[in-house]
Amino acid sequence: MAVEKPHHPGLSIVENWLDPLCLNVTDAARVLGVARHTLSRVLNGHAAISPEMAIRLEKAGWSDAEDWLRRQTSYDLLQARQQEDSIEVERYQPQPTLWEGHGVYRNTNIALLLGAGASVAAGFPSTQELTDIVVSGRGVTRHGDGCFYISGGDEPRVEAVKVPAGIAERLGAEADAYLSAHGGRRGDYEDIYFLARQALDEACGEMENPALGGFVDDLRAGMSSMAATATEANGVGAGLIEPTVTHDLEILMRETCKYVADVVSQSLVIHQPAQDRVRHLNAIEHACKAFNVASLATLSHETHVETFLRGREIVLVDGFTVQQDAVSLWTGNVPADVAIPFLKLRGSVDWYRYTDGQIRRVPHNLYPLRIGDEGSFLYAEHSPRILLIGPTNAVPEHGSGIFRELRYCFRSTIGRANTMVVCGYGFDDGGVNSELIDWYDGKDGRRFVIVHPEPDRLVENARGAIRKNWETWKKNDAVSIIERRFEDVEAPEFVETIAHTANR
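Remember, it's a predicted structure, so these values are computed and weren't measured experimentally.

Criteria and cut-off values
Residues numbered from 1 in each chain as written. Predicted model: local features only at pLDDT ≥ 70, side-chain atom pairs only at ≥ 80, totals over all residues. Heavy atoms only, no water. Helix = DSSP H or I, 4+ residues; strand = E, 2+ residues; numbered from the N terminus. Buried < 20%, exposed > 50% of the residue type's maximum accessible area, 1.4 Å probe, protein only. Contact = heavy atoms within 4.5 Å. Areas by Shrake-Rupley, 256 points an atom, 1.4 Å probe, with all protein chains shown as cover. Phe/Tyr/Trp six-rings, centres within 6.5 Å; stacked < 30°, edge-to-face > 60°. Lys NZ or Arg CZ within 6 Å of the ring centre and 35° of its normal. Salt bridge = Lys/Arg side-chain N within 4 Å of Asp/Glu carboxyl O. Pairing = 2+ DSSP bridges. Axes fitted to C-alpha atoms, helices over the stretch in contact; angles between N-to-C directions.

### Examining the overall build of the protein chain
- Summing up its helical and strand segments, the protein chain has 19 helices and 15 strands in all.
- Every one of the 504 residues in the protein chain was classed for burial, and the buried ones make up 48%.
- If you take every contact in the protein chain between residues at least 6 apart in sequence, the share linking residues at least 24 apart comes to 70%.
- Roughly 24600 Å² of accessible area belongs to the protein chain as shown, and the carbon and sulfur atoms make up 48% of that amount.

### Section: the packing of aromatic side chains
- Taken as a whole, this structure holds twelve aromatic pairs when the rule is applied.
- Each ring, one from Tyr425 and one from Phe427, has its centre 5.1 Å from the other, and the planes form 55°; the classification is tilted.
- By relative accessible area, which is 3% here, Tyr425 ends up buried.
- A cation over an aromatic ring shows up here: Arg370 above the ring of Phe377, its NZ or CZ 4.1 Å from the ring centre.

### Some points on the pattern of salt bridges
- Counting across every chain of the model gives 25 salt bridges.
- Note that Arg485 and Glu487 form a salt bridge whose closest N and O atoms lie 3.5 Å from each other.
- Classification of Arg485 by relative accessible area gives partly exposed; the value is 44%.
- Linked by salt bridges that have partners in common, Glu285, Lys289 and Arg312 make up one network.

### A short note on the pairing of strand E8 (residues 340-344)
- Among the five residues that make up E8, five are buried, leaving the element largely enclosed by the rest of the structure.
- Covered by surrounding structure in E8 are Ile340, Phe342 and Lys344 together with Pro341 and Leu343, the residues of both alternating faces.

### Quick notes on the sheet that holds strand E7 (residues 328-330)
- Spatially, the six strands line up as an open sheet ordered E6-E7-E10-E9-E12-E11, and their pairing is antiparallel. At either margin of the open sheet sits one strand with a lone partner, and together these are strand E6 (320-322) and strand E11 (370-373). Going from strand to strand, the sheet's axes swing by 40° on average, the running direction of each strand aside.
- Bridge analysis of strand E9 (residues 347-354) against strand E10 (residues 359-361) gives three bridges, and the strand direction is antiparallel. Its bridge partner lying in E10, Arg353 is registered against Ile359.
- Running at roughly 95° to strand E12 (residues 376-387), helix H11 (residues 249-269) makes contact with E9 and E12 of the sheet.

This is the structure in structure tokens:
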């Protein structure tokens, strides 16, 4: 390879400083505080400009140290380029068959994104099963602490549960009527929560949406019978709210949102997956050990993923710092240089907000609504659970509070990855989708590895922004598909596909 003959930066010291200032080598050496022969070797190109010499030149007012070192590095590289053809080194291609050694692909930066589908194999309740419990109130009771718990049985355990369950049933019918006509599917608990939250925001003045006015008025008109039931329930000591305000739509919708969140959370907490139901997470374990994982994010609320990985000695950092009694305080600090950032983008069943304004992660063996705090007690807020339920709610929620911080962490950590590995995610969250699109557009050569048994159906059901970009990604050979359910993917295939995609 032909290159121009480089000029040693020492020559520019003579041309730009010594000659214009009428300084000889002896005088210049005295100015710089070095021996004459030391400076002479630099000026004649026989010695490099060292960092110390660069600082001396800067102190003398002869350009800055960084500039001199850049010039020296450029000169040294051009010198080496003249011998480039004699350097016999071939491009290194990692061998996928070596994946069992772990760390072989440390030159490969990846990000892992796990959707709710990655939890199906663990036996957690399905969306339909959760919806059935929410609508029926089956086995749900309301404790004196104002929270809803699942204690078993075929019927709601107290009358107070029938009120939010009845509202959920009404909202579910609204969702069914619309979605069957426009989306070709039935409504689920996420749609119910979305409608309740929309009605709540409209009723309490958080949202001014003319399109919601008629819907909220219809709800308010139909609340009287449910309010009467709530009043009767209060009369027997299983109160939902005060009888004097049971007609208040804002309070009823707030209670319904809390009811849905509690039922979903309780359903996930009481399920303890057997060891053989989490074997699919072996693939995630081996990916964490084989590659440099810049980010590991999940859209699920349950805690089995982090429990499994930490049990396999994968070091995760999730923005919490451990305090008294293993209760952890949210700080938002996720130092990627010491561990794998683990981001629960939709919150967790063990996250709670307290009256001091702080968010804490509380172990399941502790009562979360009243925790010890340096000899006293700290109480949770009225609606303490930190859960972002449903992809539709996710869009506005991603922009506030802890979810805004999590989204920033997600954006910054995936920026260090060149390969995005997506498992069990239907591309239904507009906020997450926008981050994925921006990530791909942010740098040439980025690629996706997607685990899904029916990729055509995946794209068909994805939100519009993903469908719009999909053909471009495919055209650019930026998508590799593992056409399998995530629980059917073996670790070697998973790792080898990532390695092949990242290094092609």
